[in-house]
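# Coordinate analysis (summary)
Spelled out from the first residue to the last, the chains are:
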2 protein chains.
Amino acid sequence: MPDCAHCPVRDHSLCAGMKAEDLVHVSERTDQLEAPAGQVLYFEGDAARFFFTIRRGVVRLVRSFPDGRRSVVGFLHAGDFFGGGFRRDVYDATVEAITPLEYCRIGITDLNELTEEFPELNRQLASMAADRLHAADDHIVLLSRKTAIEKVAAFLLASAEWTGKSSDFALPMARSDIADYLGLTIETVSRTMTRLIDHDIIELPTPQRVMIVDWPALKSLACPEAS
Amino acid sequence: MPDCAHCPVRDHSLCAGMKAEDLVHVSERTDQLEAPAGQVLYFEGDAARFFFTIRRGVVRLVRSFPDGRRSVVGFLHAGDFFGGGFRRDVYDATVEAITPLEYCRIGITDLNELTEEFPELNRQLASMAADRLHAADDHIVLLSRKTAIEKVAAFLLASAEWTGKSSDFALPMARSDIADYLGLTIETVSRTMTRLIDHDIIELPTPQRVMIVDWPALKSLACPEAS
DNA sequence: CGACAGATTGAGTAGGGTCAAAGAATGTGG
DNA sequence: CCACATTCTTTGACCCTACTCAATCTGTCG
């Protein structure tokens, strides 16, 4: 049985508001699992039977067209909670591990029973839904009204925040994931990164590692002020 | 005091799951209001104190940049529920009436008290959040991976569904709203409509009224198949 | 009827896409 | 441990879609 009391994301996920002594009720219904990079947790359209919490690693949420076009609707990190399909009974998007993953899984019916016993879970669920909705709106603004360089700058800043605002961090996802997230092609993502390097705003020690050299410049690109 | 039992959106909104005899508890905490077209219900960033339900009319949710760029993150119709800002205490977006509006308003603290008394409201809230999230993901896919004609076709189809899949319906919003929703300019929206007319797929008796002539063609444009 | 906002049309341009090739990085088997 | 294969990334040349700027048209309302 998982030891939720010592979970690394104890205070940043679903059970953040729960009393320590109640946690055991969550633990006994939760499976602790691992997955290698690349593994699919579930497919868009599958019958939705589980909720998931990431303890370590990164996943991508993907929507695909019949003709092969792909859109990454989001990246999720340690502490993030996803799955379900609340009213609808199918998953909204395909979820794939980008890095090796440690995660927890709980059945939808189990979670529903838990919310009856511990109504504070509802508050947590609602606030996570609100966060996701806010993130989705940010994404919509980014996609509809930002240029390539603004998109990439905003993405790099967000990535830095996921890793604790460090100036030197990993980009675990491939360029194709970034492109499908930003609504660009991989070529444009690559060219734009190069432009940022040429302007001495970032450095790329390896393709999967970023150093932010000029924070103010990156920020003003990501959130353009009135000219 | 509002008469929730005979509300036109009684079965399509927040209180859809409630028993008739409990509705009075909602009624006595709800204000029934009206607003003319163009009125702002609240601004992005305002302290969030209310939730809203539309009984009649259409609103737009707007996010703005400091430099004037604008993004319409969604349109909401009769039965839709919005406002709040669950965990955050400010509204996520500005909400403006597009048509004359009839709506209901309930205080956040009142709603919180109601959910304690009537936990089934939580289920309704969660499912509405899930619907909004699904819609946001659809919007993300549309913005990131669709061409202008696909975007406009998808928008017209969605508009037709809001009005009961009629072939002849009103477009209450201006071209600038459509443009800011689809991530295009008004000129491109206009040109694309003209293209659809030239191909005998739609007609525009007036700029604010659409007739769909060729449903299959419109559908195949909106959801492109594998070639 | 005239004025104004909103919508359409036109001409020219540029940002990002497409197609193609070369260059790293990682992994595999000998 | 190295050679090779594979995949991912970067760079280059060219093109097209959608944007910009500008004029005209249409519908609405005083």
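Keep in mind that what you see is a predicted model, and the values were worked out from it rather than measured.

A few words now on the overall build of chain A. When its secondary structure is counted, chain A shows 7 helices and 11 strands. Against the compact-globule benchmark of 17 Å for 227 residues, chain A has a radius of gyration of 19 Å, which places it among compact chains. Overall, chain A is about 55 × 40 × 35 Å in size when its C-alpha atoms are taken along their principal axes. Classification of the 227 residues of chain A by burial places 52% in the buried group. When contacts within chain A are restricted to residue pairs at least 6 apart in sequence, those whose partners lie at least 24 apart make up 71%. Summed over all atoms, the accessible surface of chain A reaches about 10400 Å², with 51% contributed by carbon and sulfur.

Bringing the packing of helix H4 (residues 148-162) of chain B against helix H7 (residues 215-222) of chain B into the picture now. Residues and elements named next belong to chain B. Viewed as axis vectors pointing N to C, H4 and H7 meet at an angle of 120°, and their least axial separation amounts to 7 Å. Overall, the two elements H4 and H7 adopt an arrangement that is oblique. In the crossing of H4 with H7, the sense of the turn from one axis to the other is left-handed. Here Ile149, Glu150, Ala153, Ala154, Leu156, Leu157 and Ala160 of H4 lie close against H7, whose contacting residues are Trp215, Leu218, Lys219, Leu221 and Ala222. When the residues that make up the contact of H4 with H7 are grouped by side-chain class, the tally is 10 nonpolar, no polar and 2 charged.

Positive phi is not limited to glycine here, since A:Asp200 has a value of about 55°. For A:Asp200, a relative accessible area of 55% corresponds to the exposed category.

Turning our eyes to something else, we now look at the environment of A:Phe52. Residues and elements named next belong to chain A. Topologically, phenylalanine 52 is positioned in strand S3 (residues 50-56). Along the primary structure phenylalanine 52 and serine 144 are separated by 92 residues, whereas in three dimensions their C-alpha atoms are 30 Å apart. Setting aside residues no more than four positions away along its own chain, phenylalanine 52 makes contact with Leu41, Tyr42, Asp80, Phe81, Phe82, Gly83, Tyr91, Tyr103, Cys104 and Arg105.

Surveying the vicinity of DNA strand D reveals 17 residues, the closest of which are A:Arg175, A:Thr194, B:Ala148, B:Thr188 and B:Arg191. Across the atoms of DNA strand D situated within 4 Å of the protein, the share located in sugar and phosphate is 68%. At a separation of 2.5 Å, a phosphate oxygen of DNA strand D approaches a polar side-chain atom of A:Thr194. Separating a phosphate oxygen of DNA strand D from a side-chain N or O atom of A:Gln208 is a distance of 3.4 Å. Of all the secondary-structure elements, those providing two or more residues to the surface near DNA strand D are helix H6 (186-198) of chain A together with helix H6 (186-198) of chain B. Per-element tally for the surface near DNA strand D: the top contributor is H6(A), with 4 residues. Of the residues assigned to the surface near DNA strand D, the class counts are 5 nonpolar, 7 polar and 5 charged.

All right, on to the sheet that holds strand S6 (residues 81-83) of chain B then. Whether parallel or antiparallel, the strands of a sheet pair through hydrogen bonds between backbone atoms. Residues and elements named next belong to chain B. Strand order in this open sheet of 4 strands is S1-S8-S3-S6, and the pairing throughout is antiparallel. Each edge of the sheet is formed by a strand with only one pairing partner; in this case those strands are strand S1 (30-35) and S6. Pairwise comparison of adjacent strand axes, ignoring direction, gives a mean angle of 30° for this sheet. Judged from the 3 bridges that link them, strand S3 (residues 50-56) and S6 form a sheet pairing that is antiparallel. By the bridge assignment, threonine 53 is partnered in S6 with phenylalanine 81. Those strands touched by helix H2 (residues 108-117) are S3, S6 and strand S8 (101-107), and its axis lies near 70° from that of S8.

A word on the interface of chain A and chain B. Facing the 43 residues of chain A at the interface are 43 residues of chain B. Summed over both sides, the interface of chain A with chain B buries roughly 4100 Å², with 56% coming from carbon and sulfur. Linking chain A with chain B are 6 salt bridges. The residue B:Arg69 makes a salt bridge to A:Glu150 at a minimum N-O spacing of 2.9 Å. Linking chain A with chain B are 18 residue pairs in polar contact (both at pLDDT 80 or more). Counting only elements with at least two residues in the side of chain A that touches chain B, the list comes to strand S5 (70-76), helix H3 (120-145) and helix H5 (175-182) of chain A. Ranked by residues supplied to the side of chain A that touches chain B, first place goes to H3(A) with 20 residues. Across the side of chain A that touches chain B, the residue classes break down as 16 nonpolar, 10 polar and 17 charged.

Conventions and cut-offs
- Residues numbered from 1 in each chain as written.
- Chains lettered and ligands numbered in written order.
- Predicted model: local features only at pLDDT ≥ 70, side-chain atom pairs only at ≥ 80, totals over all residues.
- Heavy atoms only, no water.
- Helix = DSSP H or I, 4+ residues; strand = E, 2+ residues; numbered from the N terminus.
- Rg over C-alpha atoms; globule rule 2.2 N^0.38 Å.
- Buried < 20%, exposed > 50% of the residue type's maximum accessible area, 1.4 Å probe, protein only.
- Contact = heavy atoms within 4.5 Å.
- Areas by Shrake-Rupley, 256 points an atom, 1.4 Å probe, with all protein chains shown as cover.
- Axes fitted to C-alpha atoms, helices over the stretch in contact; angles between N-to-C directions.
- Parallel < 35°, antiparallel > 145°, perpendicular 65-115°, else oblique.
- Left-handed = near helix turned anticlockwise from the far one by under 90°.
- Nonpolar A, V, L, I, M, F, W, Y, C, P; charged D, E, K, R; others polar.
- Near = heavy atom within 4 Å.
- Polar contact = N/O pair within 3.5 Å; in protein donor to acceptor, adjacent residues only side chain to side chain.
- Pairing = 2+ DSSP bridges.
- Buried area = accessible area lost by both parts, 1.4 Å probe.
- Salt bridge = Lys/Arg side-chain N within 4 Å of Asp/Glu carboxyl O.

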